Amino acid sequence: MWGGRFSGGPAAIMAEINASIGFDRRFAAQDTDGSRAHAAMLAAQGIISQADFDAIDQGLAQIADEIEEGKFQFSTALEDIHMNVEARLIEIVGEPAGRLHTARSRNDQVATDFRLWVRERIDQTDQALTSLMRSLVDQAAAGADIVMPGFTHLQSAQPVTWGHHMLAYVEMFARDRSRLKDARARMNECPLGAAALAGTSFPIDREMTANALGFDRPSANSLDAVSDRDFVLDFLATATISAMHLSRLAEEIVIWCSAQFRFVTLTDAFTTGSSIMPQKRNPDAAELVRAKVGRIAGALVALVTVMKGLPLTYSKDMQEDKEPLFDAADALALAIAAMEGMVRDMAPNREILHVAAGNGYATATDLADWLVRVLGLPFRDAHHVTGRIVALAEQAGTTLDALPLERMQSVEPRITDAVYDVLSVEASVASRTSYGGTAPECVRATAVAWKERLA
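We now turn to the structure provided with this report. Quick caveat: nothing in here was measured; it's all calculated off a predicted structure.

Looking at unusual backbone geometry
In this structure, Thr313 follows Leu312 across a cis peptide bond, with omega equal to 10 degrees. Looking at the secondary structure, you find Thr313 in the loop between helix H11 (284-307) and helix H12 (322-345). Notably, Ala103 is not glycine yet its phi reads approximately 65 degrees, a positive angle. Structurally, Ala103 can be placed in the loop between helix H5 (81-93) and helix H6 (106-142). One non-glycine residue, Ala195, adopts positive backbone phi at about 60 degrees. Note that Ala195 resides in the loop between strand E3 (189-190) and helix H8 (206-212).

Observations regarding the packing of helix H10 (residues 230-257) against H12
Helix-helix packing is characterised by the crossing angle of the two axes and by the distance between the axes. As a packed pair, H10 and H12 sit with axes 10 Å apart at the nearest point and diverge in direction by 30 degrees. Considering the relative orientation of H10 and H12, their crossing is left-handed. Along its contact with H10, which presents Val232, Phe235, Leu236, Ala239, Ser242, Ala243, Leu246, Leu249, Ala250 and Ile253, the element H12 presents Leu325, Ala328, Ala329, Leu332, Ala335, Ile336, Met339, Met342 and Val343. For the contact of H10 with H12, the class distribution of residues is 18 nonpolar, one polar and no charged.

Topic: the environment of Thr112
Inspection of the secondary structure puts Thr112 in helix H6. Relative accessible area serves as the criterion here: at 1%, Thr112 is assigned to the buried category. Linking Thr112 and His164, residues 52 residues apart in sequence, is a C-alpha distance of 43 Å. Setting aside chain neighbours within four positions, we find Thr112 in contact with Cys190, Pro191, Leu192, Leu213 and Phe215.

Topic: the packing of aromatic side chains
Evaluated as defined, the whole model comprises eight aromatic pairs. An angle of 55 degrees between the planes, with centres 4.8 Å apart, marks the rings of Phe72 and Phe74 as tilted. When its relative accessible area of 8% is taken as the criterion, Phe72 is described as buried. The interplanar angle of 80 degrees and the centroid separation of 5.0 Å between the aromatic rings of Phe261 and Phe263 together place this pair among those described as edge-to-face. By relative accessible area, Phe263 is classed as buried at 3%. Among the aromatic residues, ring-to-ring pairing joins Phe27, Phe114, Trp117, Phe231 and Phe326 into one connected group.

Brief notes about the pattern of salt bridges
For the coordinates displayed, the defined rule picks out 29 salt bridges. Arg99 is the salt-bridge partner of Glu95, the closest N and O atoms lying 2.8 Å from each other. Glu95 gets classed as exposed once you look at its relative accessible area, which sits at 57%. A salt bridge links Arg121 to Asp330, with the shortest nitrogen-to-oxygen separation between them at 3.6 Å. In this pair, Arg121 is assigned in helix H6 and Asp330 in helix H12, connecting sequence segments 209 residues apart. Of the residues examined, Asp330 reaches a relative accessible area of 34% and is grouped as partly exposed. Each member of the salt-bridge network shares a partner with another, and the members are Glu79, Asp80, Arg106 and Lys316.

About the criteria used
- Residues numbered from 1 in each chain as written.
- Predicted model: local features only at pLDDT ≥ 70, side-chain atom pairs only at ≥ 80, totals over all residues.
- Heavy atoms only, no water.
- Helix = DSSP H or I, 4+ residues; strand = E, 2+ residues; numbered from the N terminus.
- Axes fitted to C-alpha atoms, helices over the stretch in contact; angles between N-to-C directions.
- Left-handed = near helix turned anticlockwise from the far one by under 90°.
- Contact = heavy atoms within 4.5 Å.
- Nonpolar A, V, L, I, M, F, W, Y, C, P; charged D, E, K, R; others polar.
- Buried < 20%, exposed > 50% of the residue type's maximum accessible area, 1.4 Å probe, protein only.
- Phe/Tyr/Trp six-rings, centres within 6.5 Å; stacked < 30°, edge-to-face > 60°.
- Salt bridge = Lys/Arg side-chain N within 4 Å of Asp/Glu carboxyl O.

Shape descriptors only; they carry no functional weight alone.
Listed below in structure tokens is the structure:
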């Protein structure tokens, strides 16, 4: 494998720590695609003959089919996907296979394979997030007028609508898609042709290989091309943020499904039972989605730690860049799919949500706003008056909309019975018509707009 420089083989433990075929076989499709593009360019430039190219191209096509069909025999002794493919190519076509590696190195080869794989995963993640967003928009449209409590500090704050709550997550996942788009644009440069680190003396056409593989341009610096893993970090950073968003929604689902809240119901499809307590219905899917962010964030930290002290250019440390990424990408894909399933499965409990929306004097802000709007009080004075009225209601053990008018007038004599028009939870949410507000009419309009954007 190493030619004339080495006369002996590696120690068993060296072979074990050095080999990457156990995981980088996931680059198989990218590796054969990259090699076919490289061979076509070598032939176009007259660096290899057309006959050699034809043999190489047919051989690589056969290898791609063998891998796809599960017939390819991977060898740990050949270290990685690149050498496994090349060895099989030699078996199939003989001497022409030895010319494929002209004007390239495994350094630029793996950098190219890696970018192709990450780019594909970015596109798949974008599609998955889009589907999840559609499920949330459907929930929003169906529940535009379902009133529920809005929380700060996990304490009842003001009434909101179920649809508005769902649309908050649509915004989060839209930002994740935006970050994916940015990462994709940044990473879409082709390293192929950078060779080991210094470029090559052969008259290659890097624009040709970049175009053939769908890249926007060749990478501009050969040293950076083979040593850059920022594109992996970009993906992992975005994946971590997206997993955090998934975890926040998962946490809410866990809370909402509890006997203390009962805000939503999940069917048997996304819950499990207990081996000892027959009454239990556990939101295990949500709990597992909530946990995935730990693995994904861990992958980001792991790769930052690997890369932080590496001098230019390639070091074998960078072989440790793949397994954390693969694990994180798989975990994110599973978490998004599971969350979409739960969102489509969960049913909001309208009556329970309605009752909860009025708990904790949630329309107190509406009372303060009425005092400002109708009586002309400065907001700070209105805030003080409202606080005293809430205290009266609390002492009486009643809600604001059930507190007798004379009790309110004992705090502020100018209050009239018109105040009751704003104290229901329905009136509260209906009044929040400012842009981005929770009013049902706003939610419906926003849901329609998102459906059009996601179509």
